[in-house]
There are 2 protein chains.
Amino acid sequence: MVTIRDVARFAGVSVATVSRVINNKGYVNSDTRIRVVQAINQLKYRPNDVARSLFKGKSKMIALFVPDIMNPFFPELARAVEDVCNVHHYTFVLCNTDNSIEKELTYLNALQQKSVDGIIIVSSTLKKEHIEEVTVPIIALDRTFGVELSTVKVNNREGAREATEYLKLLGCQCIAHISGPKNASNTEERKQGYLDVVKNDDWFSCNYIVSGNYNLQVAKGVITKLLERHPEIDGLFVANDVMGVGAIKAAEELGINVPNNLSIIGFDGISLGETTSPTLTTIAQPIYKMGSRAAEMLIELIINNDSQKKTEEFSVQLVERQSTRPRGREE
Amino acid sequence: MVTIRDVARFAGVSVATVSRVINNKGYVNSDTRIRVVQAINQLKYRPNDVARSLFKGKSKMIALFVPDIMNPFFPELARAVEDVCNVHHYTFVLCNTDNSIEKELTYLNALQQKSVDGIIIVSSTLKKEHIEEVTVPIIALDRTFGVELSTVKVNNREGAREATEYLKLLGCQCIAHISGPKNASNTEERKQGYLDVVKNDDWFSCNYIVSGNYNLQVAKGVITKLLERHPEIDGLFVANDVMGVGAIKAAEELGINVPNNLSIIGFDGISLGETTSPTLTTIAQPIYKMGSRAAEMLIELIINNDSQKKTEEFSVQLVERQSTRPRGREE
DNA sequence: TTGAAAGCGCTAACAA
DNA sequence: TTGTTAGCGCTTTCAA
């Protein structure tokens, strides 16, 4: 391995001068600089980032915690974060947590030992006491957890209202809601948005809310049961698109025509919703933008170590596809 | 930050002794050990991995290159690699290359500066000369590129043969092939497998092979044209599932009934193929196994620095779903 | 069984 | 404008 000493020797200068050249910092005579640059090129010298990290106490690495990269909502988020990392010369570390507090804590420890500069976290399980000892900057993404942190998310409640109102507008008379896992903050927000719209309706009953755990198979199962038990349901607001696909599958197997006899709307706007038949109407989040914004905020935080917490809330957008249709207007 | 010096001072020993305790290496009196352990716990000491890396010249990090994590084939691979990393206490770095040689070279450089211990690469663009200067162990995954490296892949040619023969068995009289991008090694292998089965048939013509670039939209476009121009086609072997979904969509829009009038078989076995309607028959790869095996091989390579190259070829499996059906047996 | 000290490759304070 | 040197926190040789 070629070190800064080798370069210094080769160019006939001190290591300090070489350091000045490679960091473009401090006074260096232009002739000297040229000699150094030539030496660097001749020797194909590359500075050792580990040594730099040791001195600086920073590693130029950023980590992203997601429950599971195999869940199709997360790759776009990961991609966005990585792209921003790239621009700013950070290395991107990906951590799948499986919503396990143990894994999260293990990662938190390991990453700090590696002097990771900052972490973007999608979590439903972390609590205040776990984060308190963490000294690196953290951004919460997609959902909050019991800690006050700078956050990037969407207005879930409003999006859920919009979804439910849209179903009403189509003429749905009985709208059920498939919700996410209890501990996720956005589960509650989306459920509230749904309730805002329907809770005072005559037909409404709590039985129309069931949890599908943000999981396709689980959702498909509970939706099948729900639709069998309640044939009066003609609208379904499903709290994410993965479960929305489960809803379409469930209806298909039950022989219920979507959208003629049942309108289904999801939440997220992942591309999976475009591949089903019918394609899935949804409340789309600006996923890529959220990921990249979170990364940018984190990098700002790393640089300025600003202790002020701020939440950036993006707005969602209704994307009309084939799984919804006005009641009584079959084709 | 608590350092090894602090622990040493607190325990009344030297840093060498503390080092011996935390690494469980060398002689340490059991009383001394207890004192040190207590000091570590009291002070909540965590060794600094950056300092360790600097000394060892290794970082306990592994990187994975994929074209784009948003392509649904790659998350499972990434997940597998990360799981294995976890078991062996490696940190997992994800790099999206977009099939760009510039990005790949930039990553290769950056990662070496960070003393990354090894790299798993899915690439169609890297060449011998780019890899020659790389000193860290590398494993090729999913496809080969012009370098002799230890490799984990499936027997694409055989899988392609199996797919095409399956279509023949169903009674297809005219089978087209949608291939991947020219530069990917598995594109050629799958195309060869297809040709093995059909090239001597009377009906066969090169016009039945078109490239869809492993991309849904591109594939959908070319397949639409192909089916319009050649209504005689009754079987489609599509070189990956993403394009297979494009094929189903194209047929749907053209009003061609799948599987009654056209059988479609994909390749990969990603779960996306289960969400379409009809679901996609496919040649499934053991994706998770391949990822985890690649990671295990890499870690072996890191430890033993064995220079011997070996290729592990997994076998594929036909998964019959709804997009294929015997000719003349409509339901 | 333990400790002193060199050194991994780099940066930055200080001196010249 | 340049060089000397003290660390960053750790591991490991060598000597005691």
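Quick notes on the rules
Residues numbered from 1 in each chain as written. Chains lettered and ligands numbered in written order. Predicted model: local features only at pLDDT ≥ 70, side-chain atom pairs only at ≥ 80, totals over all residues. Heavy atoms only, no water. Axes fitted to C-alpha atoms, helices over the stretch in contact; angles between N-to-C directions. Helix = DSSP H or I, 4+ residues; strand = E, 2+ residues; numbered from the N terminus. Parallel < 35°, antiparallel > 145°, perpendicular 65-115°, else oblique. Left-handed = near helix turned anticlockwise from the far one by under 90°. Contact = heavy atoms within 4.5 Å. Nonpolar A, V, L, I, M, F, W, Y, C, P; charged D, E, K, R; others polar. Domains from an automatic or database assignment. Phe/Tyr/Trp six-rings, centres within 6.5 Å; stacked < 30°, edge-to-face > 60°. Buried < 20%, exposed > 50% of the residue type's maximum accessible area, 1.4 Å probe, protein only. Lys NZ or Arg CZ within 6 Å of the ring centre and 35° of its normal. Pairing = 2+ DSSP bridges. Core = buried A, V, L, I, M, F, W, Y, C linked by side-chain atoms within 4.5 Å. Near = heavy atom within 4 Å. Polar contact = N/O pair within 3.5 Å; in protein donor to acceptor, adjacent residues only side chain to side chain. Buried area = accessible area lost by both parts, 1.4 Å probe. Salt bridge = Lys/Arg side-chain N within 4 Å of Asp/Glu carboxyl O. Least-squares fit on C-alpha atoms with pLDDT ≥ 70 in both.

Once that is clear, we can look at the packing of helix α5 (residues 74–87) of chain A against helix α12 (residues 287–304) of chain A. All names here are of chain A. Relative to each other, α5 and α12 sit at 40°, their axes nearing to 7 Å. Here α5 is positioned oblique relative to α12, judged by the angle of their axes. For the pair α5 and α12, the sense of crossing is right-handed. Note on element contacts: α12 touches α5 through Ile-287, Tyr-288, Met-290, Gly-291, Ser-292, Ala-295, Glu-296 and Ile-299, opposite Glu-76, Leu-77, Arg-79, Ala-80, Val-81, Asp-83 and Val-84. Class assignment of the residues belonging to the contact of α5 with α12 gives a composition of nine nonpolar, two polar and four charged.

Per the domain assignment, the segments making up chain A are domain 1 (4–47), domain 2 (57–154 + 287–314) and domain 3 (156–285). Domain 1 of chain A and domain 3 of chain A are separated by 63 Å when their C-alpha centres are compared.

In this section: the packing of aromatic side chains. Residue and element names in this part refer to chain A. Inspection of the entire model under this criterion finds twelve aromatic pairs over all chains. An angle of 65° between the planes, with centres 6.1 Å apart, marks the rings of Tyr-194 and Phe-204 as edge-to-face. Here Tyr-194, found in helix α9 (residues 185–198), pairs with Phe-204, found in the loop between α9 and β7 (209–211); they are ten residues apart in sequence, far enough to count as distant. Tyr-194 sits in the buried class, given a relative accessible area of 0%. Within the aromatic cluster, the residues linked to one another by ring pairs are Tyr-194, Trp-203, Phe-204 and Tyr-208. Just above the ring of Tyr-90 sits the side chain of Lys-60; from NZ or CZ to the centre is 4.3 Å.

All names here are of chain A. Pairing within the open sheet is mixed, and its six strands lie in the order β7-β6-β8-β9-β10-β12. Where the open sheet ends on each side, the last strands, each with one partner, are β7 and β12 (317–319). Strand after strand, the sheet turns through a mean of 20° between neighbouring axes, direction not considered. Where strand β6 (residues 175–179) meets β7, three bridges bridge the pair, whose relative direction is parallel.

We now examine the nonpolar core. Judged by nonpolar contacts, the single largest core of 151 residues is most densely connected at Leu-236 of chain A together with Leu-236 of chain B. Grouped together as the second largest cluster of nonpolar side chains are 40 residues, Tyr-107, Ile-119, Ile-121 and Ile-138 of chain B included.

What surrounds DNA strand C is a group of 27 residues, the closest being Ile-4 and Tyr-45 of chain A together with Arg-20, Asn-29 and Thr-32 of chain B. Within 4 Å of the protein, atoms of DNA strand C come from sugar and phosphate in 67% of cases. A distance of 2.4 Å is found between a phosphate oxygen of DNA strand C and a backbone nitrogen or oxygen belonging to Ile-4 of chain A. Elements that contribute at least two residues to the surface near DNA strand C include exactly α2 (15–23) and α4 (49–56) of chain A together with α2 (15–23) and α4 (49–56) of chain B. Tallied by class, residues from the surface near DNA strand C come to 14 nonpolar, nine polar and four charged.

On the chain B side, the residues contacting the 47 residues of chain A number 47 residues. For the pair chain A and chain B, the summed buried surface comes to about 3900 Å²; carbon and sulfur atoms form 53% of the total. Taken together, the links from chain A to chain B amount to eight salt bridges. The partner of Asp-98 of chain B in a salt bridge is Arg-79 of chain A, and the shortest N-O contact between them spans 2.7 Å. Of the residues assigned to the side of chain A that touches chain B, the class counts are 18 nonpolar, 13 polar and 16 charged.

At an RMSD of 0.1 Å, chain A and chain B line up after a rotation of 180° and a shift of 0.0 Å along the axis. What the superposition gives is, in effect, a two-fold axis relating one chain to the other. Interface overlap between copies: 100% of the residues of chain A at the interface are likewise at the interface in chain B, consistent with a symmetric, same-surface contact.

Moving on to the protein's contact with DNA strand D. Near DNA strand D, the surroundings consist of 29 residues, among which Arg-20, Asn-29 and Thr-32 of chain A together with Ile-4 and Tyr-45 of chain B are the closest. Expressed as a percentage, the sugar and phosphate content of the atoms of DNA strand D within 4 Å of the protein is 62%. Contact between DNA strand D and Arg-20 of chain A: a base oxygen at 2.4 Å from a side-chain N or O atom of the residue. In this structure, Ser-19 of chain B approaches DNA strand D through a side-chain N or O atom, which is 3.0 Å from a phosphate oxygen. Looking at the surface near DNA strand D, the elements with two or more residues in it are α2 and α4 of chain A together with α2 and α4 of chain B. The dominant element in the surface near DNA strand D, judged by the number of residues it contributes, is α2 of chain B, at five residues. Of the residues contributing to the surface near DNA strand D, the split by class is 15 nonpolar, nine polar and five charged.

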